[in-house]
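Tertiary structure, described
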Amino acid sequence: MKTKLGLLYGGKSAEHKVSMQTAMAVLKALDLNKFDIYPIYISEEGTWINGPQLTAPAETIKELEYKPESGQVSMDTALTLRDSGDHQGFDVIFPLLHGPNGEDGTVQGMLELMNLPYVGNGVLASSAGMDKVIMKNIFAQAGLPQVAYVWFIRSGWEKDREASYEKVESEIGYPCFVKPANLGSSVGISKCTSREELEAAFVEAFQFDRKIIVEQGVNAREIELGVLGNDEPQCSVAGEIVPKTEFYDYKAKYEDGDTAMVIPAELDEETYNSLKEQAITAFKSLDCSGLVRADFFLTEEGDIYINEVNTMPGFTPFSMFPLLWKHTGVEYPELIEKLVQYGVERYEEKQ
Ligand code: ATP
Ligand code: MG
Ligand code: MG
Ligand code: MG
């Protein structure tokens, strides 16, 4: 029996294009002898459309951008297996969505309500992982070392901006990083070295979210690890990001492409083991399932600080997470199959 897999991609998010590229790559890697593949496309406007079963990988992204037919514009309809009219028709849904409205637990919640098995993190881990303040509070509770941070709500800042800046200067100091609490891809993030830059950074970050976080800036190497599994998660080798810009900003991630990835990262065994342990602790502390990419800072003195986890990390064959697993001995097609299996297992455990 083949697995009926609904591939959910696109999305009403700044990361729509990234998701389309991921969908192309995943389609190419899925074995059609093992899977019946049903595309579910979310347009940039947020319309959900299911396409016909795919009998070959798509040649172009355009092919995967379906137009709505009549009666095909509700999420509920799009998640119904064509020709069967049954939600249970799908064996598993694979969401390839990044950022708000996809990586943040909202889509996961809908799939739960529809009683559909799905790949990746559940509602709680997805939403807690999307909010950097909540995530850091949970990491602190788990005893993971982090840089100092404070956070602000837009209305509080608007009432007394001076008090907000003074709080940053007395508790964090410069340099600091200002970030929207709920986002990814470095969107809305600024590095500040003065009051003037801090004021501009608050304005910028509050354009993307009603909540922001300000962190102490560290001068450190950036090391990332992949975690895979459910109750007994495994860790990949470590990779290092070497940005050629001031920090790993949006431009470096998606436009310049001259950021180097070193896999495996050059680390002594003790440091790698410590990173591995912390990555697993982070995974468990948020009650993750399926996968996360855990991002760390490593200072010259050897101090490790966890920066964040990403519950749906970049997932093209050239992204860090799949490359980390390739170097660990798990090729892209096998990685996809493992993730499907973990998703189905978690669903069955809950029944
Ligand atoms: P993504 O989800 O794409 O990994 P993000 O939007 O969640 O990114 P972060 O990973 O928190 O953002 O930060 C983006 C980059 O900014 C980091 O990779 C790093 O280069 C730099 N950076 C963030 N916080 C700090 C910090 N406290 N000290 C030094 N550099 C930082
Ligand atoms: Mg992130
Ligand atoms: Mg992200
Ligand atoms: Mg990051």
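Residues numbered from 1 in each chain as written. Chains lettered and ligands numbered in written order. Predicted model: local features only at pLDDT ≥ 70, side-chain atom pairs only at ≥ 80, totals over all residues. Heavy atoms only, no water.

**Considerations on the pairing of strand β6 (residues 176-180)**
Here is the rule we go by: The buried label applies to any residue whose accessible area, calculated with a 1.4 Å probe on protein chains only, is under 20% of its type's maximum; exposed applies above 50%, and partly exposed to all values in between. Strands here mean DSSP runs of E at least two residues long; helices mean DSSP runs of H or I at least four residues long; both are numbered from the N terminus. Two strands form a pair only when DSSP identifies at least two bridges running between them.
By the criterion of burial, β6 is predominantly enclosed, with 5 of the 5 residues buried. Covered by surrounding structure in β6 are Cys-176, Val-178 and Pro-180 together with Phe-177 and Lys-179, the residues of both alternating faces. As defined by bridge partners, β6 adjoins strand β7 (residues 190-192) across 3 bridges and the pair is classed as antiparallel. When the sheet's bridge partners are listed, Val-178 is paired in β7 with Ser-190. As judged from the 5 bridges shared by β6 and strand β8 (residues 211-216), these two strands associate in the antiparallel manner. Paired with Pro-180 across the bridge in β8 is Ile-212.

**Observations regarding the packing of helix α1 (residues 16-29) against helix α12 (residues 332-350)**
Note the following rule: Lines fitted to C-alpha atoms define the axes here, with helix axes fitted over just the stretch in contact, and angles between the N-to-C directions of these axes take values from 0 to 180 degrees. Here roughly perpendicular refers to angles of 65 to 115 degrees, roughly parallel to angles under 35, roughly antiparallel to angles over 145, and oblique to all remaining angles. Note on contacts: a residue pair is in contact if any heavy atoms of the two residues lie within 4.5 Å. Three classes are used, and their members are as follows: Ala, Val, Leu, Ile, Met, Phe, Trp, Tyr, Cys and Pro are nonpolar, Asp, Glu, Lys and Arg are charged, and the others, Gly among them, are polar.
Packing of α1 against α12 brings their axes to within 9 Å, and their N-to-C directions diverge by 95°. By the angle between their directions, the pair α1 and α12 is classed as roughly perpendicular. Residues Thr-22, Ala-25, Val-26 and Ala-29 of α1 pack against Tyr-332, Pro-333 and Ile-336 of α12. A breakdown of the residues in the contact of α1 with α12 according to their chemical character gives 6 nonpolar, 1 polar and no charged.

**Notes on the sheet that holds strand β1 (residues 3-10)**
Sheet strands pair via backbone hydrogen bonds, and the direction of the pair is either parallel or antiparallel. Here 4 strands make up an open sheet; going across it, the order is β3-β2-β1-β4 and the pairing mixed. Each edge of the sheet is formed by a strand with only one pairing partner; in this case those strands are β3 (48-50) and β4 (92-95). The sheet shows a mean angle of 25° between the axes of neighbouring strands, direction not considered. As defined by bridge partners, β1 adjoins β4 across 4 bridges and the pair is classed as parallel. The residue bridging Leu-5 from the neighbouring strand is Val-92, located in β4. Sheet contacts for α1: β1 and β2 (35-42); angle to β1, the most-contacted strand, approximately 155°.

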